[in-house]
Structure formats: C-alpha cells, structure tokens
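# Observations on chain architecture
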Amino acid sequence: MMMNKRNSLFQWSFLVIALLSSSFLWGARIEVSGHISSSTIWSPSDTIVVTDTLWVDFGVDLSLEAGVVVLVQTAAQGAGVIPWVIEGSLTVNGTESDTVFIIPASPEDYWGGIFFSAQVKSVQSLSYLHLDVGIGNPEYPPLIQSDYTSLDISHSSFKGQGSFAMALNGTQSKVNYCSFRLDQHGILHSRNNDFTEIENSQSTVSESAWPVSMVFVNDSSSLKLLNNQFLNPHDGSSGYFISFNGRPGNQLFVDYNYFEKWGNVYVPYANQGELFIRNNRYYDVHSIIQNESGLAYVTGNSVHIPAGATGSGIGLASAIYMSSAVITPIVHFNNNSCVKNSEATLPVFYIYDASGGVKSVPTIIANNNIIWGWDTFDLVNIYGGLLD
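Here's what I pulled together on the structure shown here.

Calculation rules
Residues numbered from 1 in each chain as written. Predicted model: local features only at pLDDT ≥ 70, side-chain atom pairs only at ≥ 80, totals over all residues. Heavy atoms only, no water. Helix = DSSP H or I, 4+ residues; strand = E, 2+ residues; numbered from the N terminus. Buried < 20%, exposed > 50% of the residue type's maximum accessible area, 1.4 Å probe, protein only. Areas by Shrake-Rupley, 256 points an atom, 1.4 Å probe, with all protein chains shown as cover. Core = buried A, V, L, I, M, F, W, Y, C linked by side-chain atoms within 4.5 Å. Phe/Tyr/Trp six-rings, centres within 6.5 Å; stacked < 30°, edge-to-face > 60°. Salt bridge = Lys/Arg side-chain N within 4 Å of Asp/Glu carboxyl O. Polar contact = N/O pair within 3.5 Å; in protein donor to acceptor, adjacent residues only side chain to side chain. Contact = heavy atoms within 4.5 Å. Pairing = 2+ DSSP bridges.

It is worth spelling out the overall build of the protein chain at this point. Regarding its fold elements, the protein chain presents one helix and 40 strands. Counting the 388 residues in the protein chain, one finds 57% classified as buried. Element-wise, carbon and sulfur atoms account for 52% of the exposed surface of the protein chain, whose accessible area totals about 15100 Å².

A few words on the nonpolar core. One finds Trp42, Leu64, Trp84, Ile102 and Met166 to be the most contacted residues of the largest nonpolar core, which totals 74 residues. Tallying contributions element by element places strand β3 (residues 47-56) first for this core, with four residues.

Now for the packing of aromatic side chains. The final tally for this structure, using the stated rule, is seven aromatic pairs. Ring centres of Phe253 and Phe276 lie 5.3 Å apart, and the angle between their planes is 10°; this geometry places the pair in the stacked category. Note that Phe253 is positioned in strand β25 (residues 251-255) and Phe276 in strand β28 (residues 274-278), a separation of 23 residues in sequence. With relative accessibility at 15%, the residue Phe276 sits in the buried group. Here the aromatic cluster, defined as three or more aromatic residues joined through ring pairs, consists of Trp42, Trp84 and Trp111.

This paragraph deals with the pattern of salt bridges. For the structure on display, the rule yields three salt bridges. The salt bridge partner of Glu31 is Arg29, with a shortest N-O separation of 3.4 Å. Residue Glu31 shares its accessibility class with Arg29, and that shared class is exposed. For Asp255, the salt bridge identified is with Arg278, shortest N-O distance 2.9 Å. In this pair, Asp255 is assigned in strand β25 and Arg278 in strand β28, connecting sequence segments 23 residues apart. According to the relative accessible area criterion, Asp255 is buried, its value standing at 9%.

By the secondary structure assignment, Asn250 is in the loop between β24 (240-244) and β25. At 3.5 Å, the side chain of Asn250 and the backbone nitrogen of Ser221 are in polar contact. Every residue in contact with Asn250, bar those within four places of it in the chain, is listed here: Ser220, Ser221, Ser222, Phe244, Gly273 and Glu274.

Most of strand β15 (residues 164-169) sits inside the fold, with six of its six residues counted as buried. Across four bridges, the pairing between strand β12 (residues 144-147) and β15 is parallel. Paired with Gln145 across the bridge in β15 is Ala167. Pairing geometry for β15 and strand β18 (residues 186-191), over five bridges, is parallel. Of the residues in β18, the one forming a bridge with Leu168 is Ser190.

Right, dumping it as structure tokens:
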C-alpha cells in the first residue's frame, strides 16, 4: 500500500546535509529573513539560507521550484521559533524525481515551521516536499499551522520535534501519500469546523517520543482517515490514537487503515458526533474504541492480540471500552473478527463507570462477529450496561 519513495525521503535529508557540508553546491548563496514584499521564485541553482523569521506579505507569492534546497538556521538569540509566516501564498512545486527540501542548516539547528495566516484566501498546494524542523526547539510549535487556509498536501514527508505535524483551524484540507515521523506528539490537531482528509499515508513516532494522541479532533470538526498505516515502536499503550470530541453533525470516518501498537479511538463524555470505524486491521492494540458518549458503527474490522502482546499494555486487550456518561454511548458492532493469543485479561466488551455514578445505560449491539481466544464467561463485563 505504501510507496517506497516516501519511506526513503527521511534518509534523503541526511544525504542533502552531507552534500552541503562538503561544498557540493553551485550558484549564489542567498540569505533570507524578514519580509518578502514581491513575488519570488527560489530555484535549485541557488543556495537558500533562512537566518531568522520570514514573512511572505499579503498578495505576494513565494514559489519553490522542483529540487530546491532551503536551509533554516536557529535564530541568533537562541529562541528557536523562527516560523515562516505566510500572509500571501506559498507554492511548493516538487516532482517525483526532484523533491523540495526545507531542512535545518545543521543537525544542531531547529526552527518553528510554517504558519498560514487567516489572510490567505486560496488553497495552498504543497507537493513533493520534505519538511524537517529539527530537534531541540523548546517551544514545540506545529510543523505546519493554518488558520482558515485550506491545504492540499501530497507526496510529502514531515520530520522533527513539534507539537503536531499539522495544526488546522477551520480549514478544508487534504493530505495524500505523505509520511510522518515525529518526535513529540502526533499528526493532526483539528478544531473550529475543520474537515481534514488523510489518505494513503504512513505515520510513526521516533523511539524517543511518547505521544498522548496522534490525532486530536475537537470544536465542531470532522475527519476522514482512509487507507493509511499507523505504527508505534513502543511497548505498552502510549495514549489514544484519535481523540474525537464532535458536535451534532460532526463525523469521524476511519476506513481501511492498519494500526500497530496504538491505543484506540477515544470518545470523551461530551461527544455528540457520529463515528464510522470500518474495515480496519489492528495488531497488538489496546482496543478499537473507548466510547464514553455518542453513536459509533464498528463494522468489518480485524483485531489480533498476539502472544506476548505489548502494545495493548499489561493485561489490557478488548475490542470495546464503554462507560456510563451523560450522553448515552451506543456501539453497533457487526461483522468483526477478534482473535486473542495473549494472557491479557479484559473481556471483549468492557463497560465501566467513568462518571462517578451511572448517568445512562451504554449499549452494544453485536451481530455476526468472530470472537476467538476469550473464554465464554469473560466476553463481556457490564457495569450498569446493556448488551443486545
């Protein structure tokens, strides 16, 4: 499913740094900072070095041609934020054979990513981009942040230490054929009527990272995840993969993805959105969903808890967590396959009270599922709940 060229993008940044340090460059060295007030094209014939915060002014276009390498230095004062502030537009025109690199000038440098302000009105297109913000920034800014500016990102890779790869506020954005390797939190923070689609992409975290949520969706936002791979190198549950807190009309679509050693979809007690979790594969995971409120359709998924399971956490392995809450949580659980080969002790359906007292009766409606590896008596543990 994943394209080999995406997996190799991370290695290319180190190759580029090696080429730069060996003076394997031609053309002029152009140092840039401050305001870009007229439309500008950066070409691969020049060495572009960004030395401090960069603004692309309103009405101005900064275009990065295929093959250009942009080096970003840590600010002299050591603040390390150095964002690019886009008030006009930024176009990245990489190709399959000529990726655009925006990377730290050295392994010791780090910077603050790209911020698209609310003044940008058109969809911003970023293709075949390798974006690396480095390690060590004390501010942990997002790699890309956008306020009401929709993004179309394809065939790109993201690396470095930031709060999220993307922090999107009120956008209609699409991410396709991208790769994420992160050292802090996760892929996406979506809020304020945002709708994001992530398809055909791959994500993992570094060995040193310990993220809380890879995808955080709230404030009347919706999300679609289709045909992605989400990998976790850590043993034990490292938090939720998705935290979804929708409002009426918001929806979460999770279809045809592969999850390894991740937590689950966490739905807090205030959620009023709908969830559709369909045809995914889960290996060595905590559970498919932890639902404290709202309506979820869990259909056609495959869950495998292997012998010696570590990603699920000690003694934890179930398909569904549910709790009593103010808004009645309901899960339709149909045509799923759940196989357990480990010593994990939780039942397939685990219903608990997280409210300090039963507020409502959670319901699981289950049909045509294959459940193997659990004893018949521990298929469900109901605490004030109902299994239909």
